Amino acid sequence: MKTKVIAAVAGFFGGIVNGLLGTGGGMILVPLFRLSGLESKLCHATSLAVTLPITIFSAVLYFLRGSTPLDGIWLLIPLSAVGAALGAWFLKKIDTVLLNRLFALLLIVAGVRQVFFR
């Protein structure tokens, strides 16, 4: 029961954050998945699997509203796909403690950047 409640909360708030801030839903999903007892690497992989349909849905809505600049997107898509494949490969290889520290560092850098450099 606890896992289903956490999954529902994660889905709801992950969708809000993803739609509002971009694919930042993982910043909400990963910690909530950890609360449910998932191992760190599974949390990151599951977060990506969940955010993909959310991201597609949000992107379509932004596109239909005319809020998506398309001039550079066709270069970003294939390069992002290559980066995603490398990241997925690297996730299998990376030590869990290092993964957790890198994720925490990303959250700190993103937070500091938003507070002080915007």
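Source: prediction; values computed, not measured.

Asks: Explanation requested: the confidence of the model for the chain in the structure shown.
Replies: Note that predicted coordinates carrying low pLDDT should not be read in detail. The share of residues in the chain with pLDDT of 70 or more is 97%, and the mean pLDDT across the chain is 84. Taken element by element, the chain is modelled with least confidence in helix H1 (residues 2–21), mean pLDDT 78, and with most confidence in helix H5 (residues 96–116), mean pLDDT 89.

Asks: Is there a simple way to explain the packing of helix H2 (residues 25–35) against H5 in this structure?
Replies: Relative placement of two packed helices is described by the angle separating their axes and the distance separating the axes. Contact pair H2 / H5: the axes reach a minimum separation of 12 Å and the direction vectors enclose 140°. One finds that H2 runs oblique with respect to H5. Relative to H5, the crossing made by H2 is left-handed. The segment H2 lies against H5, with Gly26, Met27, Val30 and Pro31 engaging Phe103, Leu106, Leu107 and Ala110.

Asks: I would appreciate a short explanation of the side chain of Ser47 in the present structure.
Replies: Looking at the secondary structure, you find Ser47 in helix H3 (residues 40–64). The class of Ser47 is buried, set by a relative accessible area of 4%. Apart from the residues lying within four places of it in its own chain, the contact partners of Ser47 are Gly26, Leu29, Val30 and Phe33.

Asks: Sorry if this is basic, but what is going on with H2 here?
Replies: Note on helix geometry: an α-helix contains 3.6 residues per turn, so any two residues three or four positions apart are oriented the same way. Looking at H2, one finds that the buried residues are Gly25, Gly26, Leu29, Val30, Leu32 and Phe33. Buried-residue contacts for H2 involve H1, H3 and H5.

Asks: Even after reading the chapter, I still don't get the nonpolar core, so can you show me in this structure?
Replies: One broad rule of soluble globular proteins: the nonpolar side chains tend to lie buried together. Ile6, Ala10, Leu29, Val30, Leu32, Phe33, Cys43 and Phe103 together form the largest nonpolar core, which totals 8 residues. Residue assignment for this core shows that the elements contributing at least two residues are H1 and H2. Per-element accounting of this core gives the leading share, 4 residues, to H2. The contact partners of Ile6, leaving out residues within four places of it in the chain, are Leu32, Leu35 and Ser36.

Cut-off values and rules
Residues numbered from 1 in each chain as written. Predicted model: local features only at pLDDT ≥ 70, side-chain atom pairs only at ≥ 80, totals over all residues. Heavy atoms only, no water. pLDDT = per-residue confidence, 0-100. Helix = DSSP H or I, 4+ residues; strand = E, 2+ residues; numbered from the N terminus. Axes fitted to C-alpha atoms, helices over the stretch in contact; angles between N-to-C directions. Parallel < 35°, antiparallel > 145°, perpendicular 65-115°, else oblique. Left-handed = near helix turned anticlockwise from the far one by under 90°. Contact = heavy atoms within 4.5 Å. Buried < 20%, exposed > 50% of the residue type's maximum accessible area, 1.4 Å probe, protein only. Core = buried A, V, L, I, M, F, W, Y, C linked by side-chain atoms within 4.5 Å.

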